[in-house]
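Report on the structure
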Amino acid sequence: MTETISELLRHASREAVAVIGAITDEELRLPTPCADYQVRDLLNHLYQVVVNFQALAAKESVDFSTTPDFLVGDWRAGFEVETTRLVAAWAAPGAEEGMSGGMGMPARIVGCMALLDLTVHAWDLARATGREYTPPPRVIPALHELVDTMAVTAREMKVFAEPVPTAENASPFDDLLSRTGRDPRWSPKPARA
């Protein structure tokens, strides 16, 4: 039986919360595998995804046109609270059924989009800050299915870059990263003296 979006989000959020809870203020300006984002920018983006996709689970419209600064107060604890709310929102009756509000897409695909961001951006942030990150293996099949469905459109919309070649024996997660345009071997460039 296919796991529900809320179950998958619960598994992914544990790992993401661990990564984000360890990020220090001194690391907020570091580069990330997302070329346009420093750690601070990517944290704000991921925070916005976690908050907005709660509304999408309830078939409400959301606004991604601007990104608020979520990194105020105890934002690490706040992120954990919001991921708990995200899981609960997708566990609500009917959340995975029908079409999403405002996005005009099947609700399960929209839920998987949140799962993809939570998983891949946790890797981005871990890699940027020199931390280990291993996604829960059970989320990978749903993410591969999503990327199979959305890759062409995501590239046209500049959400994904072109695929990065990987080794034949690449892990399923490295293959997923490469299909979203990430280099699984990415590391921060050494600082110039």
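Residues numbered from 1 in each chain as written. Predicted model: local features only at pLDDT ≥ 70, side-chain atom pairs only at ≥ 80, totals over all residues. Heavy atoms only, no water.

For the protein, the helix and strand inventory stands at six helices and zero strands. Taken over C-alpha atoms, the radius of gyration comes to 16 Å for the protein, in line with the 16 Å a tight globule of 193 residues would show. The contacts in the protein between residues at least 6 apart in sequence include a share of 69% that link residues at least 24 apart. Within the structure as shown, the protein displays about 10,100 Å² of accessible surface, and the carbon and sulfur contribution to it stands at 53%. Taking the average location of the 18 positive side-chain charges in the protein and that of its 27 negative ones, the two points are 3 Å from each other. (Helix = DSSP H or I, 4+ residues; strand = E, 2+ residues; numbered from the N terminus. Rg over C-alpha atoms; globule rule 2.2 N^0.38 Å. Contact = heavy atoms within 4.5 Å. Areas by Shrake-Rupley, 256 points an atom, 1.4 Å probe, with all protein chains shown as cover. Lys, Arg positive; Asp, Glu negative; His and termini not counted. Charge placed at Lys NZ, Arg CZ, Asp CG, Glu CD.)

Scanning the model with the defined rule gives four aromatic pairs in all. Aromatic pair Tyr-47 and Phe-79: ring centres 5.5 Å apart, planes at 75°, arrangement edge-to-face. Here Phe-79 lies in helix H3 (residues 75-91) and Tyr-47 lies in helix H2 (residues 39-57), a separation of 32 residues in the sequence. Summarising the burial analysis for this pair, Tyr-47 and Phe-79 share the class buried. (Phe/Tyr/Trp six-rings, centres within 6.5 Å; stacked < 30°, edge-to-face > 60°. Buried < 20%, exposed > 50% of the residue type's maximum accessible area, 1.4 Å probe, protein only.)

Another point: helix H6 (residues 172-179). Inspection of H6 places Phe-173, Leu-176, Leu-177 and Ser-178 among the buried residues, and these make up the whole buried set. Summarising the contacts, the buried residues of H6 are in contact with helix H4 (107-129) and helix H5 (140-156).

Take Gln-48: it is sitting in helix H2. By relative accessible area, Gln-48 is classed as buried at 4%. Between the C-alpha atoms of Gln-48 and Asp-69, which are 21 residues apart in sequence, the distance is 9.1 Å. Excluding its chain neighbours within four sequence positions, the residues that come into contact with Gln-48 are Asp-63, Phe-64, Thr-66, Thr-67, Pro-68 and Phe-70. Within the structure, the side chain of Gln-48 is placed 3.1 Å from the side chain of Thr-67, a separation counted as a polar contact. (Polar contact = N/O pair within 3.5 Å; in protein donor to acceptor, adjacent residues only side chain to side chain.)

Checked against the element boundaries, His-121 lands in helix H4. Judged by its relative accessible area of 6%, His-121 falls in the buried class. Separated by 3.4 Å, the side chains of His-121 and His-45 make a polar contact. Within the structure, His-121 has its side chain in polar contact with the side chain of Asp-124 (distance 2.8 Å).

Quick look at the environment of Ala-12 now. Locating Ala-12 in the fold gives a position in helix H1 (residues 5-22). Taking C-alpha positions, Ala-12 is 21 Å from Asp-183, a pair spaced 171 residues apart along the chain. With near-sequence residues (within four places) excluded, Ala-12 lies in contact with Leu-115, Leu-118, Thr-119, Pro-136 and Val-139.

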